[in-house]
Amino acid sequence: MAAVYVLRTAVSTNWLIGWLAALYLLTAIRVLASRRFFSRARDRHSILRWAWLATAFSCMSGLLWGVLGWVGFMPEAPIVLSFTVIVLTGLVCGTVPSLSAFPPALVGSILATVVPVALRCLTTQSDISGAFLFLLASLVAINFYYCRITYRMLRETVSLRLENETLVEHLQEERDRAQTADRAKTRFLAAASHDLRQPIHALSLLVSTLAVLGQRGDVPSGEARDLASRAKSVVSNFSGLLNALLDISRLDAGIVTVASEAVPLRDLFGDLRNEFAAEAKQRGLRWRVVDSGLYVDSDPMMLKRILNNLVSNAFRYTKQGGVLLGCRRRGACVEIQVLDSGPGIPADQQGMVFEEFVQLQNPARDRTQGLGLGLAIVRRTAELLGTP
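First things first, this report covers the structure right here in the doc. (Residues numbered from 1 in each chain as written. Predicted model: local features only at pLDDT ≥ 70, side-chain atom pairs only at ≥ 80, totals over all residues. Heavy atoms only, no water.)

Details of the overall build of the protein chain
Of the regular secondary structure elements, the protein chain holds 10 helices and five strands. The burial tally for the protein chain puts 32% of its 388 residues in the buried class. Across the protein chain, every contact between residues at least 6 apart in sequence was considered, and the portion connecting residues at least 24 apart equals 69%. Just so you have it, the protein chain exposes about 24,300 Å², and 60% of that area is on carbon and sulfur atoms. (Helix = DSSP H or I, 4+ residues; strand = E, 2+ residues; numbered from the N terminus. Buried < 20%, exposed > 50% of the residue type's maximum accessible area, 1.4 Å probe, protein only. Contact = heavy atoms within 4.5 Å. Areas by Shrake-Rupley, 256 points an atom, 1.4 Å probe, with all protein chains shown as cover.)

Here's what the structure looks like:
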């Protein structure tokens, strides 16, 4: 409205009304477009399209003000000329903070604003045309320079913000992982303490029984053999539990080192075939191993221990049918498979079985069926090997 008031005596009223209507129409279109932008889902490609649309709007707005500068360049009317200089200077300088985030919009807007006035200076024979043209050129150069600086600062600010958000997410993940590990350790210690008490309590009962029998006189050979057998079984379970706990603690402490080498699966599978042949015969199960001439890059002892646990579990929970050990190529990798005809594991519990002391089919916690630590050791060893 200030422009209309200043130019009312220098320009026709119809021209001013048309110019003002075009300016307000463009403003209304830009407002509608901005509302549509914020109301829609956005991705990288759509945002880029919106940025170029905003650039087009900025160029059109700059052109409208440039036309006003063309009309307002009147050396013979000092007030109109001064107003034109002030308006154009403010518009050009105002583009730096508002459009530097997308330099094409800033460059287009500035050029659309000053080019009409520059052409007017070149076509008008006036003593101040040259000075005014120099002022425009200096103004454009200075604003382009500050646009470059502002754009770099914005990029660095956004980059730092994204890095901070990534760090915060990483810290949250680490915190959640630490809390999960702490809860797992608590459950692990609770279960371990329970399982350690059982054999110790059983041993104390056996010793008390042996002491009572000794006080009565000579211990019958049959009772002595029975007590010795039971004590041996308890000690064996106790030793197995301690060894498993020590293995898990060593894996968690990170003191187990991986010695990777080229492992021939033919030899590895052959060893497992021989080790489980007797158990397969005893259980009346088919035991088939598919030989392979492939090599894998892994620690042979750790890999064998993983497969030993998996095959042992397959035999333990398979009542009839058989167990199969083989492998398949998966691109540059090899997938080793242990298949059995056992009851299987429900999908919602397939992650749970790799936790410590979890045995889905042993609710009474009968330690003759295992300790529930084999798959926990498998998971830790596989993580150490970087093997899914």
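Right, picking up where we left off after that structure.
Things to note about the sheet that holds strand E5 (residues 333-340)
Read from one edge to the other, the open sheet built from three strands follows the order E2-E4-E5, with strand pairing classed as mixed. The outermost strands of the open sheet, each flanked by one partner alone, are strand E2 (286-289) and E5. Here the strands of the sheet are splayed against their neighbours by 20° on average, with no regard to which way each runs. Bridge count for strand E4 (residues 322-330) against E5 is eight bridges, and the pairing is antiparallel. (Pairing = 2+ DSSP bridges. Axes fitted to C-alpha atoms, helices over the stretch in contact; angles between N-to-C directions.)

Side note on the nonpolar core
Core analysis: the largest hydrophobic core is formed by 18 residues, its most contacted members being Leu268, Phe269, Phe276, Trp287, Leu307, Phe315 and Leu325. Listed by contribution, the elements that provide at least two residues to this core are helix H8 (265-283), E2, helix H9 (300-316) and E4. Ranked by residue count, the leading element in this core is H8, at six residues. Ignoring any residue separated from it by four or fewer positions in sequence, one finds Leu307 in contact with Leu268, Phe269, Leu272, Ile336 and Val338. Within the second largest apolar cluster, 16 residues are counted, among which are Val96, Leu99, Val114 and Leu136. (Core = buried A, V, L, I, M, F, W, Y, C linked by side-chain atoms within 4.5 Å.)

Re the packing of H9 against helix H10 (residues 374-385)
Orientation of H9 relative to H10, taken along the N-to-C sense of each, is 150°, at an axis distance of 9 Å. One finds that H9 runs roughly antiparallel with respect to H10. Where H9 crosses over H10, the handedness of that crossing is left-handed. In this structure, H9 contributes Met302, Leu303, Arg305, Ile306, Asn309, Leu310 and Asn313 to the contact, and H10 contributes Gly374, Leu375, Ile377, Val378, Thr381, Ala382, Leu384 and Leu385. (Parallel < 35°, antiparallel > 145°, perpendicular 65-115°, else oblique. Left-handed = near helix turned anticlockwise from the far one by under 90°.)

Observations regarding the side chain of Ser298
Among the secondary structure elements, Ser298 is positioned in strand E3 (residues 295-298). Non-local contacts of Ser298, meaning those with residues more than four positions away in its chain, are made with Ala259, Ser260, Glu261, Val263, Leu303 and Leu385.

Side note on helix H2 (residues 13-39)
The terminal C-alpha atoms of H2 lie 39 Å apart, and with 27 residues this matches the ideal 39 Å at 1.5 Å per residue to within 8%. What H2 keeps buried is the set Leu16, Trp19, Leu20, Leu23, Leu26, Ala33 and Phe37. (Expected span 1.5 Å × (residues − 1).)

Concerning the packing of aromatic side chains
Going through the model one piece at a time under the given rule, you end up with seven aromatic pairs. Each ring, one from Phe37 and one from Trp50, has its centre 5.5 Å from the other, and the planes form 70°; the classification is edge-to-face. Of the two residues, Phe37 sits in helix H2 while Trp50 sits in helix H3 (residues 44-72), which places them 13 residues apart along the sequence. Overall, the relative accessible area of 21% leaves Trp50 in the partly exposed class. Ring geometry for Phe276 and Trp287: centres 6.1 Å apart, planes at 65°, overall edge-to-face. Linking Phe276 in helix H8 with Trp287 in strand E2, this pair joins segments that are 11 residues apart in sequence. Residues Phe276 and Trp287 agree in their burial class; the two are buried. (Phe/Tyr/Trp six-rings, centres within 6.5 Å; stacked < 30°, edge-to-face > 60°.)

Quick notes on the pairing of E4
The pairing of E2 with E4 spans four bridges and is parallel. The residue bridging Arg288 from the neighbouring strand is Leu324, located in E4. If you look at the hairpin formed by E4 and E5, you'll find two residues sitting between the two strands, and Gly331 has a positive phi there, around 70°.

Overview of H10
When the terminal C-alpha atoms of H10 are compared, their 16 Å separation across 12 residues agrees well with the 16 Å that a helix rising 1.5 Å per residue should span. What H10 keeps buried is the set Leu375, Ala376, Ile377, Val378, Arg380, Thr381, Ala382 and Leu385. Directly after H10, the chain includes Gly386, whose backbone phi takes a positive value near 70°.

Overview of the layout of surface pockets
Of the voids in this model, the second largest pocket is the one considered here, and its volume is about 990 Å³. For the second largest pocket, the lining is made up of 27 residues, of which Ile47, Ala51, Ala54, Ala101 and Phe102 are closest to its centre. Secondary structure elements with two or more residues in the lining of the second largest pocket: H2, H3, helix H4 (78-99), helix H5 (103-123) and helix H6 (129-216). Examining the composition of the lining of the second largest pocket, we find that nine residues originate from one element, H3, more than from any other. (1 Å grid on protein atoms, 1.4 Å probe; cavity = no way out; pocket = protein on both sides within 12 Å on 5 of 7 lines; lining within 4 Å. Points joined across faces, edges and corners; volume = space filled by probe spheres on them.)

Remarks on the packing of H8 against H9
When two helices pack together, their arrangement is given by the angle between the helix axes and by the axis-to-axis distance. Contact geometry of H8 with H9 gives a least axis separation of 11 Å together with a crossing angle of 20°. Comparing the axis directions of H8 and H9 gives the class roughly parallel. The element H8 and its partner H9 pack so that their crossing is right-handed. Listed contacts from H9 to Leu268, Phe269, Asp271, Leu272, Glu275, Phe276, Glu279, Ala280 and Arg283 of H8 are Leu303, Lys304, Leu307, Asn308, Val311, Ser312, Phe315 and Arg316. Considered class by class, the residues forming the contact of H8 with H9 number nine nonpolar, two polar and six charged. (Nonpolar A, V, L, I, M, F, W, Y, C, P; charged D, E, K, R; others polar.)

Looking at the pattern of salt bridges
In the structure shown here, the tally under the stated rule is seven salt bridges. A salt bridge links Asp291 to Arg273; the nearest nitrogen and oxygen atoms lie 2.9 Å apart. With Asp291 in the loop between E2 and E3 and Arg273 in helix H8, this pair connects stretches of sequence that are 18 residues apart. Take Asp291: its relative accessible area is 40%, and that puts it in the partly exposed class. Judged by its relative accessible area of 28%, Arg273 falls in the partly exposed class. Among the ionic pairs, Glu335 bridges to Arg330, the shortest N-O distance being 3.3 Å. (Salt bridge = Lys/Arg side-chain N within 4 Å of Asp/Glu carboxyl O.)

The values reported here are purely geometric and, on their own, carry no functional implication.
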